[in-house]
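Here are the chains, one letter per residue:
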Amino acid sequence: MKSFTKHKQSQESIARMVELFFAPFHMKHCRELTEGYFNVAYEICLDNGKEVILKIAPLKEMRVMTYEKNIMFAEVEAMKRVRQAGGIPVPAVIGYDDSCTICASPYFFMEKLEGRSLHAEKGSLTADQIADIYTEVGRINRKINEINCPCFGYPGQRAFQGEAWFPVFQKMLEAGIEDACNGNVDLKIPIDRLRSRLQEDKGIFEEVTQPRLVHWDCWDGNIFVKDGQVEGIIDWERSLWGDPLMEVGFRMYADNTCFLQGYGRTGLTEGEWRRALWYDIYLLILVSLECAYRKYETLDTYNWATGLLEEQFRKV
């Protein structure tokens, strides 16, 4: 995927990063991985035969959406918390460097999984295998959401953290609206009405009292499978401390039957249903901005997201 935010590196620069963490071993060869949308990633083979993954954040001066600031810190923090909790398949973080000396952006190395993404493998799997994978993802996601966090909000941004969920979520939503204004993006919904409806629903957010770890991006591209089974969950960069109903498996515009079965949920209360709807709206606002901020080659993502945003907004 071509994206304006990808900070690609020369072979010489990558070799220096490798030497910092893996000396006396050296890079034998590397190749760029192209499925991602935000960071640039490389598969590295060392001269001792070991293979690792390198992820590099955008340049700090690059214009990104508010929620994307310092998200590599959030990713590394989440992966370490998950590994410490145990029982959740996640690659190990091998090294993290945010000094911006060797590279002008933060970067980290992680363990390489052997399988491929569900997005890439889906065509070769049976319907039963796919259903089993989504059920297992539901079980895994529940374990992720059982991890307690110190407060609500974005892990890498103190300005978006707090003890109560509603003011934090409200601030996150407002940041998305401001990013739309700054990027001259028409969200195609009435913003004043959006704000008033959110304020009317304040009470349903007050039901959320314990901040939980939320992966928030557990779609097919971030579910790695091997031999028809879940091998690991990757791309934790958008993880946050919030309400588990923000997870992809709870999105109201998709059929998540198998996920919910694995998660152990048979349905949602009225308050949970409305919160999930608000998280639809928040996510779709952010996806609507991607074409403008990342300079995608087409407006397909914008058209899909704003069309669904209008549809979901009518329900609140």
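Above this text sits the structure in question.
Residues numbered from 1 in each chain as written. Predicted model: local features only at pLDDT ≥ 70, side-chain atom pairs only at ≥ 80, totals over all residues. Heavy atoms only, no water.

> How should I be thinking about the overall build of the protein chain in this particular structure?
A tally of helices and strands in the protein chain yields 10 helices and 12 strands. Judged by the C-alpha coordinates and their principal axes, the protein chain covers about 60 × 45 × 40 Å. Taking all 316 residues of the protein chain together, the buried fraction comes to 53%. Accessible area of the protein chain: about 14,400 Å², with a carbon and sulfur share of 48%. One finds the centroid of the 38 positive side-chain charges in the protein chain at a distance of 2 Å from the centroid of its 47 negative side-chain charges. (Helix = DSSP H or I, 4+ residues; strand = E, 2+ residues; numbered from the N terminus. Buried < 20%, exposed > 50% of the residue type's maximum accessible area, 1.4 Å probe, protein only. Areas by Shrake-Rupley, 256 points an atom, 1.4 Å probe, with all protein chains shown as cover. Lys, Arg positive; Asp, Glu negative; His and termini not counted. Charge placed at Lys NZ, Arg CZ, Asp CG, Glu CD.)

> Help me understand the pairing of strand β5 (residues 107-111), please; the structure alone is not making it clear to me.
Here is the key point about a regular strand: its side chains alternate between the two faces of the sheet. The buried count for β5 comes to 4 of 5 residues, which makes it a mostly enclosed element. Across 5 bridges, strand β3 (residues 51-56) lies against β5 in antiparallel orientation. Of the residues in β5, the one forming a bridge with Leu-54 is Phe-109. Note that strand β4 (residues 93-97) and β5 share 4 bridges and pair antiparallel. Counted as the bridge partner of Tyr-96 is Phe-108 from β5. (Pairing = 2+ DSSP bridges.)

> Just checking my understanding: could you explain the sheet that holds strand β10 (residues 223-226) for this structure?
Sheet strands line up and pair through hydrogen bonds in the backbone, either parallel or antiparallel. Read from one edge of the open sheet, 3 strands run β6-β10-β11, paired in antiparallel fashion. Among the strands making up the open sheet, the edge pair consists of β6 (116-117) and β11 (229-233). Bridge count for β6 against β10 is 2 bridges, and the pairing is antiparallel. Bridged to Ser-117 within β10 is Phe-224. Strands β10 and β11 of the sheet are contacted by helix α4 (residues 127-145), whose axis makes an angle of about 40 degrees with β11. (Contact = heavy atoms within 4.5 Å. Axes fitted to C-alpha atoms, helices over the stretch in contact; angles between N-to-C directions.)

> I tried to follow the environment of Ile-14 on my own but got confused; where do I start?
By secondary structure assignment, the location of Ile-14 is in helix α1 (residues 11-22). Given the relative accessible area of 0%, Ile-14 is considered buried. Sequence separation between Ile-14 and Asp-217 is 203 residues; the distance between their C-alpha atoms is 27 Å. Not counting chain neighbours up to four residues away, the residues in contact with Ile-14 comprise Gln-9, Met-27, Cys-30, Tyr-42, Ile-44 and Leu-54.

> What am I meant to see in the packing of aromatic side chains here?
Where two aromatic rings form a pair, the distance of their centres and the angle of their planes describe that pair. By the definition in use, this model includes 19 aromatic pairs. A centroid spacing of 5.2 Å and a plane angle of 20 degrees characterise the contact between Phe-169 and Phe-205, whose relative ring orientation is stacked. Of this pair, Phe-169 sits in helix α5 (residues 165-182) while Phe-205 sits in helix α7 (residues 202-205), placing them 36 residues apart in sequence. In this structure, Phe-169 and Phe-205 share a single accessibility class: buried. For the ring pair Phe-250 and Phe-259, a centre distance of 5.5 Å and an interplane angle of 90 degrees mean the geometry is edge-to-face. (Phe/Tyr/Trp six-rings, centres within 6.5 Å; stacked < 30°, edge-to-face > 60°.)

> Can you help me understand the nonpolar core in this one?
As a rule of thumb, nonpolar side chains are buried together in soluble globular proteins. Formed by 79 residues in total, the largest nonpolar core has its most connected members in Trp-165, Trp-278 and Tyr-282. Considering each element in turn, this core owes the most residues, 13 residues, to helix α9 (residues 270-294). If we ignore the near neighbours within four places in the chain, the residues touching Tyr-282 are Tyr-67, Tyr-154, Phe-169, Met-172, Leu-173, Trp-216 and Met-246. The next biggest cluster of nonpolar side chains, apart from the first, holds 16 residues, and it includes Met-27, Cys-30, Ile-44 and Tyr-107. (Core = buried A, V, L, I, M, F, W, Y, C linked by side-chain atoms within 4.5 Å.)

> What exactly am I supposed to notice about α9 here?
Because an α-helix completes one turn every 3.6 residues, residues spaced three or four positions apart along the sequence face the same direction. With 25 residues, α9 extends 36 Å from end C-alpha to end C-alpha; this agrees with the ideal 36 Å at 1.5 Å per step. The sharpest bend along α9 reaches about 25 degrees and sits at Ser-288. (Expected span 1.5 Å × (residues − 1). Bend = angle between axes of the 7 residues up to and from the residue.)

> Mind showing me how you'd approach the packing of helix α6 (residues 191-200) against α9 here?
In a packed pair of helices, the relevant descriptors are the angle between the two axes and the axis-to-axis distance. Where α6 contacts α9, the two axes come as close as 12 Å, and the packing angle between them is 145 degrees. In terms of crossing hand, the pair formed by α6 and α9 is left-handed. Together, Leu-194, Arg-197 and Leu-198 of α6 and Trp-278, Ile-281 and Ile-285 of α9 make up the contact between the two elements. When the residues that make up the contact of α6 with α9 are grouped by side-chain class, the tally is 5 nonpolar, no polar and 1 charged. (Left-handed = near helix turned anticlockwise from the far one by under 90°. Nonpolar A, V, L, I, M, F, W, Y, C, P; charged D, E, K, R; others polar.)

> Explain the pattern of salt bridges to me, please; I cannot follow it from the model alone.
One side chain can pair with another of opposite charge once the charged atoms of both are near each other. Under the counting rule described, the total for this entry stands at 25 salt bridges. Glu-207 serves as the salt-bridge partner of Arg-275, at 2.9 Å between the closest nitrogen and oxygen. With Arg-275 in helix α9 and Glu-207 in the loop between α7 and β9 (212-214), this residue pair connects regions lying 68 residues apart in the sequence. Note on Glu-207: relative accessible area 48%, which makes it partly exposed. (Salt bridge = Lys/Arg side-chain N within 4 Å of Asp/Glu carboxyl O.)

> Got a minute to help me understand the side chain of Glu-68 in this structure?
Mapped onto the elements, Glu-68 comes out in the loop between β3 and α2 (71-85). A relative accessible area of 3% places Glu-68 in the buried class. Residue contacts for Glu-68: discarding those within four places in its chain leaves Phe-38, Arg-238 and Arg-294.

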